[in-house]
Amino acid sequence: MQFPVSLRPSFTLKFGPLIKQSNQQISIKNIYLFLNKILQFDASVHLATVHIFCLLSQMADKSQSGTLENDEFVLFYKMLTQREDVLKVFQEYSVDGQKLSQSNLEDFLREEQLEGDDIQLHAKQLIECYEPSDKAKRMNAMTFDGFLMYLGSAEGSIFNPQQRGIFQDMTQPLCHYFISSSHNTYLMEDQLRGQSSVEGYIRALNRGCRCVEVDCWDGANGEPIVYHGHTFTSKILFKDVVSAVGNYAFKVGSPDVPTHCSPGAQWLPTDSLSFWFHITGHRLHSNDYVCLHSVSYFICPLCFSQKSKQRLSKELSDCVVYCKSVHFTSFKHSRIHSKFYEVASFTESKARKHLRDAGAEFVHHNSRQLSRVYPSGFRTDSSNFNPQEMWNAGCQIVALNFQTAGEGMDVNDGLFSQNGCCGYVLKPSFMREADVRFDPEMPQKRDHYHPVVLTVQVISGQQLPKVNIKEDSIVDPLVRVEVHGVPMDQAKQETRHIENNGFNPMWYDTLHFTIHTPELAMVRFVVEDYDKTSKNDFVGQYTLPLSCMQQGYRHIHLLSKDGTSIPPSSLFVYLRIKHLE
């Protein structure tokens, strides 16, 4: 018995071992045994979900034979995947309640999904791609199964597929991009006693990070090592770091080397670093260099004080041709003296002070200079600040502790999920143009000010994972929608919670947000398990730029705390973005 392709993997995963290949029968007894076995090992499967599955299998067994055969198998599948919320939308556009003609589908795409480019061709393509019935295809029609498959696909998701690949101009100066960046990349845990590992580089690079930090120190026999200096963190070999970067830098998209080594230990095996990268650091002399544009770079801020500058090896100094690390004095000094290839580093507190005292000046500075912001030294637990406040100032290299899950990394992953996940996102034009002044504290004063209202109707959830390990625990889900952007746009709203239903909770709750700088806004959807006596438990989340959001009826495929997918958990929402009159 064949199932629609988009739904087949999760179904096969759970029920494949129950199917007798000879006659495609499923024993109801085996369903009970199998689901109870899963419940023992898989905390994502609810006890209530198991009961629902078993009840549905009994209802589908019309012959009362104890097995599901042929049409009974199909009935069980349909009962299992029935979506009243989607069926309601389907029937609004279906004349007979059984199918959508191509014309009906075109009306839906135009009126609800707000598609405008060659809707007739697109409707035809959707039928061809997602409709499982050959008979319906011959009629140029879409059944409910096909409609459900379309809405559950990438085309029906909240993220615009056209912005998944590289779609931005990649030839502009580096200071015109936000760049995915990691702080103390080698650390897997805290900043004082945590483990150092090349795995930190592998994970960061696989996550699309383009700027990693390699903190180099003298090791035994003159061989450089990497660790968080003057702490009890463990140590790893520099050569192992270089090897890991070389192997993983371009699998997703590439690499900061503060070095505290003696000149002899600063010799770099440049052949092994022959992939494209930029190195940032101090130089022994102050020649001017041409900045090359490339999609990947290795940034290398070298921490030597003025006194130790003479200890820099010539070989390493000669590598510093693209970005030169400099001390920041003032915005006025920078306007007069700074070169385009220079980069200044700020702690989060210093950057926050500049943003508060001279926000427009900071943005203007970052339209022509590179700025790197890193977490405060007080964050010994490797926690993160929210990178959004630094992006509001146009700071390009906002370094986060990639090993720590939470809001900061969710927002970071969300921004860089666009443009091919290459780790570079072009800043809005008002943050790149030297003759434009933008103050993130007063966005309404900029030219071409066009605020919008975002309306989110949270309709339903599907198969939300269990988070409490107690045997009788069932999720009481609520959805929080957060807007991260300039200070005027920061907002959070929640739905009510639904008691004891993680399988198919229904809300139909509507939330409204006024957004003054939509070009910088990030939207984060968070599902939590409500608890009236203690802090809610995290269930899943999804974060994306407002500019990448598709309108209409959309599915949001949830991610876990560490940013990995948790299929088939999702939210079903209705979205509208309208200009504020």
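On a predicted model such as this, the values are computed, not experimentally measured, just so you know.

What follows deals with the overall build of the chain. Helix and strand counts for the chain stand at 16 helices and 24 strands. Out of the 581 residues in the chain, the part that is buried amounts to 55%.

On to the environment of G229, then. On the secondary structure map, G229 appears in the loop between β8 (225-226) and β9 (236-237). By relative accessible area, which is 12% here, G229 ends up buried. The spacing of G229 and C216 is 13 residues in sequence and 8.5 Å in space, taken between C-alpha atoms. Not counting the four nearest positions on each side in its chain, G229 is found in contact with D215 and W217.

This part takes up the pairing of strand β19 (residues 491-494). Summarising the sheet, strand β18 (residues 477-484) and β19 pair through four bridges and their orientation is antiparallel. Paired with R480 across the bridge in β19 is E494. Counted between consecutive antiparallel strands, the loop separating β18 from β19 contains six residues.

All right, on to the pattern of salt bridges then. If you walk through the whole model with that rule in mind, you get 19 salt bridges. Between E348 and R379 there is a salt bridge, with its nearest N and O atoms 2.5 Å apart. Taken together, the residues E348 in helix α14 (residues 348-365) and R379 in the loop between β14 (370-374) and α15 (388-391) connect sequence positions 31 residues apart. When salt bridges with common partners are traced through the structure, they connect D410, R480, E482, E494, R524 and E528 into a single cluster.

With that settled, the discussion passes to the environment of K235. Secondary-structure assignment places K235 in the loop between β8 and β9. Expressed as a C-alpha distance, the spacing of K235 and W217, which sit 18 residues apart in the sequence, is 9.6 Å. If we ignore the near neighbours within four places in the chain, the residues touching K235 are I225, V226 and Y227.

Okay, helix α6 (residues 102-111) next. Along α6, the positions that sit buried rather than exposed are Q102, N104, L105, E106, F108 and L109. For α6, the elements touching its buried residues are α5 (84-93), β4 (99-101), α7 (119-130), β5 (141-143), α9 (144-151) and β23 (552-559).

Further remarks concern unusual backbone geometry. For the peptide bond that leads from P567 to P568, omega is 5 degrees, which places it in the cis range. Locating P568 in the fold gives a position in strand β24 (residues 565-579). Of note, the phi angle at N221 is positive, near 60 degrees, even though the residue is not glycine. Looking at the element boundaries, N221 is found in the loop between β7 (216-217) and β8. Relative accessible area serves as the criterion here: at 86%, N221 is assigned to the exposed category. With a phi close to 45 degrees, Q463 is a non-glycine residue in the positive phi region. When you line up the elements, Q463 lands in the loop between β17 (452-462) and β18. A relative accessible area of 34% means that Q463 is categorised as partly exposed.

What follows concerns the confidence of the model for the chain. With 73% of its residues at a pLDDT of 70 or more, the chain shows a mean pLDDT of 83. Low pLDDT (under 50) marks residues 1-22, which in the prediction has 41 contacts with non-local residues, meaning those over four places away or in another chain. Low pLDDT (under 50) marks residues 281-303, which in the prediction has 103 contacts with non-local residues, meaning those over four places away or in another chain.

Another aspect to go through is the nonpolar core. Generally speaking, soluble globular proteins have nonpolar side chains that are buried together. Membership of the largest hydrophobic core comes to 45 residues, with the highest contact counts inside it found for F178, Y201, V226 and F362. Counting 33 residues, the second largest nonpolar core, distinct from the first, contains F159, V458, V475 and Y542.

Here we take up the packing of aromatic side chains. Counted by the stated rule, this structure contains 18 aromatic pairs. Judged by centre distance (5.1 Å) and plane angle (70 degrees), the ring pair of F108 and F147 falls under edge-to-face. A residue pair is termed long-range when its members are at least 10 positions apart, and F108 in helix α6 and F147 in helix α9 qualify at 39 residues. On the basis of relative accessibility, which here comes to 1%, the residue F108 falls in the buried class. A centroid spacing of 6.3 Å and a plane angle of 15 degrees characterise the contact between F108 and Y553, whose relative ring orientation is stacked.

So, how was this worked out
Residues numbered from 1 in each chain as written. Predicted model: local features only at pLDDT ≥ 70, side-chain atom pairs only at ≥ 80, totals over all residues. Heavy atoms only, no water. Helix = DSSP H or I, 4+ residues; strand = E, 2+ residues; numbered from the N terminus. Buried < 20%, exposed > 50% of the residue type's maximum accessible area, 1.4 Å probe, protein only. Contact = heavy atoms within 4.5 Å. Pairing = 2+ DSSP bridges. Salt bridge = Lys/Arg side-chain N within 4 Å of Asp/Glu carboxyl O. pLDDT = per-residue confidence, 0-100. Core = buried A, V, L, I, M, F, W, Y, C linked by side-chain atoms within 4.5 Å. Phe/Tyr/Trp six-rings, centres within 6.5 Å; stacked < 30°, edge-to-face > 60°.

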